[in-house]
Structures are given as structure tokens and as C-alpha cells.
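Report on the structure
The primary structure of each chain is shown beneath.
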Amino acid sequence: MRIGLAGVGRIGAFHAKTLAALDFVDELVVTDADLGAAKTVADELGAQVAPDTETLLASGVDGFVITTATPAHAPLLRQGIAAGVPTFCEKPVAATLDETIGLAELVASTGVPVHVGFQRRFDAGYRRARAAVESGELGFVHTIRANTHDQAPPHASYIPTSGGIFRDCNVHDFDILRFVSGREVVSAYATGANKGADFFAAAGDVDTAGALLTLDDGTIVLVSSTRYNGAGHDVRMEVHGEKGTIAVGLDHSLAMRSAEEGVDFPRGPQKWSFMERFLPAYQAELTAFAEVARGERTSPCTVRDALEAFRIAEACERSRAERRPVALSEIEGI
């Protein structure tokens, strides 16, 4: 397959390297607003360089991968759809709710396959948790805990364009919550705080957040996030049921230590970034995208899925700002 990729920043270069190592990729073509950066990545991977996205899409690619900064996602996604090229887009597909709704409607009307990059859906632990819920192994589920704790904050320049901690960070928790539980969120009550660098507050954001969600079957969900988890990158989910509990991310890389004497769990080593934590999942999701592009399967994570996760993030941000519970029915959808 001939795959085109736009955007060779941190995640883009990572995806380009992953794609170059996958057996189904015969040719990789990259482009970026900074053509020097694109050439550097291309030279390292033996890829080709396109001068712009229009040229890339017209060059006969079988799939288009969007890994640029967030503001460029929606315009590039529209370009890929207009060209009729199966497209993979990193989250979020757009910076605003209205734009996300518009894209979901566009994809539905055109039928061009679009796969959104929520890689946790391809992580073995989350898939095992989903199977435990679906099979009834846990009995009825009453409580779910989910957290995304970054080891260190991103660069200050990233925060003003990130959309805020709920839309940027916890949106992964919101998507995987729907995937694992098979349920929808009906209400959100959220809060946040700043104890770290001033640039979070300057951008109207927080560096630590929490949310209490209620699902449509009454399940209670506790979600947390922080940009300051010095012990390591910590992404987990606990699903508590009538007959049992299952945990994702509970292994020796766990970014905490026990206060109990004689306990040697976890033994380490810790993981320090999302790329390290989810490398196999990233490989699996891009392999799945190739299957989508070849017409062998439908998209396993649609723009409609991205919209629903974005709506939960919007509800949490509104709840934090207005200091009140927010029903998901207050957030526009389709």
C-alpha cells in the first residue's frame, strides 16, 4: 500500500516510523508545513516527500494519515474526504463541537471511510475489560474508575491550542469508557485545579482535573487527570462489578509504590510517555486502518464516536466553568 502522512511533529514522526515498519506499507509519502522537517523524517525512513497535501492526495495514495497540530485536522480531513481517500485522523478531528458535528454529518453523507486515532481501543488490556463486561463475567457493573496521568506537562505553547485538559487528555478516557462499557454518559460533574506552572491558568486551563459521570444504566464513573505525575505515565481503568473486578494497566510498570511493608509490587520499570505505554496499540490501530482502507472492515472508531467523546468533554468543561452538574442532553449532538 502507498500511504500518505501529513504532519511530522512528535506524534507524526512516531506514526511515520510505525508505518514504515509495517509489512503492508510499500511506500510512505510525508508532507509538513515545514518541508525541512518532512525531509529529515523521510530521509531517516526511506520515505518520499510531497510539497503539500494537495500533491500528496493526488499522487495515488491508498490511505491518508493526519497527524498535524489540532487546528489543521478538520481542513485536512475535509481534503481527504473530498479526494475520496480513506483517512486516518488523530484526535480531535476538530477544535470545536460545531465543527465536529459538521464533519460527522459530512462523513455520513459521503461514505468515505474515516478512522479516528483513539488507540486505547486496540490495547489488549482494554479489549479484555470490554470482553469481561460483554460476557457478563463481572455481573452487573456498578463503578468504573479511569485516569490519565501524564508524567510531565507539555510545552507551554501547546496548552492554548490543546482545547483544555478534558478535551485533550480525558477525551481518551471518555472514548474508552464508551468502548468498554457499551453505555452512554448522561450527566457530568467536573472540577479542576492548578498547583503547577502558571501557563495553564493563563490559558484558562487546569493542570489537574476530576469528573463524576453517570451512565445511562446508573453506573458511576470516576475520572481523573493530571499533567504532573512524576512517578511515571499512568493510564488505568478499573471496572467494578457484582461478581468481580478487572483492572487495565495494573502491572509492574505501575507509576506508584506501596506503603505496606514487604510488598514489592510494582517492581518497575515505569513507563514515561503515552508512546511507550501504547506502542503495540498504535501498531494495531494503524494495521486496522489499512484494513479499512482496503475495504476489509468498517471503521472501528468513527467520527461519530469522536463526536460522542467530545460531547462528554464539553459537558465536563461546562461543568467545571459553571460549577454545576451538566446533562449530556444540554450538549448539541446528532
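You'll find the structure just up there.
Structural notes, computed from the coordinates. Fair warning: this is a prediction, and the values are worked out from it, not measured in the lab. (Residues numbered from 1 in each chain as written. Predicted model: local features only at pLDDT ≥ 70, side-chain atom pairs only at ≥ 80, totals over all residues. Heavy atoms only, no water.)

What follows concerns the sheet that holds strand β4 (residues 63-66). In space, the six strands of this open sheet follow the order β3-β2-β1-β4-β5-β6, with parallel pairing throughout. Strand pairing shows two members of the sheet lacking a second neighbour, β3 (48-49) and β6 (114-117), which therefore form its edges. Summarising the sheet, strand β1 (residues 2-6) and strand β2 (residues 27-31) pair through five bridges and their orientation is parallel. By the bridge assignment for β2, Leu 5 is matched with Val 30. Where helix α4 (residues 73-82) meets the sheet, it contacts β1, β4, β5 (87-90) and β6, and its direction lies at approximately 175 degrees from that of β4. (Pairing = 2+ DSSP bridges. Helix = DSSP H or I, 4+ residues; strand = E, 2+ residues; numbered from the N terminus. Contact = heavy atoms within 4.5 Å. Axes fitted to C-alpha atoms, helices over the stretch in contact; angles between N-to-C directions.)

Taken together, the side chains of Tyr 189, Leu 212, Ile 220 and Leu 222 make up a nonpolar region of the molecular surface, amounting to roughly 330 Å² of accessible area. Its location among the elements puts Leu 212 in strand β9 (residues 208-215). (Patch = residues over 30% accessible without salt bridge, like charges linked within 9 Å, V, L, I, M, F, W, Y side chains within 5 Å. Areas by Shrake-Rupley, 256 points an atom, 1.4 Å probe, with all protein chains shown as cover. Salt bridge = Lys/Arg side-chain N within 4 Å of Asp/Glu carboxyl O.)

This next bit is on the packing of helix α6 (residues 124-135) against helix α7 (residues 165-181). At a closest axis distance of 7 Å, the pairing of α6 and α7 adopts a crossing angle of 40 degrees. With respect to α7, the element α6 is oriented oblique. Contacts from Tyr 126, Arg 127, Ala 129, Arg 130 and Val 133 in α6 reach Ile 176, Phe 179, Val 180 and Ser 181 in α7. When its residues are assigned to classes, the contact of α6 with α7 shows six nonpolar, one polar and two charged. (Parallel < 35°, antiparallel > 145°, perpendicular 65-115°, else oblique. Nonpolar A, V, L, I, M, F, W, Y, C, P; charged D, E, K, R; others polar.)

What follows is about the nonpolar core. Membership of the largest hydrophobic core comes to 77 residues, with the highest contact counts inside it found for Val 93, Phe 166, Phe 174, Leu 213, Met 237 and Cys 316. Apart from the residues lying within four places of it in its own chain, the contact partners of Val 93 are His 73, Ala 74, Leu 77, Thr 100, Leu 103, Val 116, Val 303 and Ala 306. Core analysis: the next-biggest nonpolar cluster, separate from the first, contains 21 residues, Ala 16, Leu 28, Ala 42 and Phe 88 among them. (Core = buried A, V, L, I, M, F, W, Y, C linked by side-chain atoms within 4.5 Å. Buried < 20%, exposed > 50% of the residue type's maximum accessible area, 1.4 Å probe, protein only.)

A cis amide bond, omega -15 degrees, links Lys 91 with the succeeding residue Pro 92. With an omega dihedral of 0 degrees, the bond running from Gly 268 to Pro 269 counts as a cis peptide bond. Looking at where Pro 269 falls in the secondary structure, it is placed in the loop between β12 (245-248) and α9 (274-277). A positive phi angle is found at Arg 323, which is not glycine, with a value near 55 degrees. Relative to the helices and strands, Arg 323 resides in the loop between α11 (303-322) and β13 (326-327).

Taken as a whole, the largest pocket spans an internal volume of roughly 990 Å³. Arg 10, Ile 11, Tyr 158, Asp 168 and Phe 274 are, among the 40 residues lining the largest pocket, the residues nearest its centre. Those elements that provide at least two residues to the lining of the largest pocket are α1 (10-20) and α7. In terms of residue class, the lining of the largest pocket is built from 14 nonpolar, 18 polar and eight charged. (1 Å grid on protein atoms, 1.4 Å probe; cavity = no way out; pocket = protein on both sides within 12 Å on 5 of 7 lines; lining within 4 Å. Points joined across faces, edges and corners; volume = space filled by probe spheres on them.)

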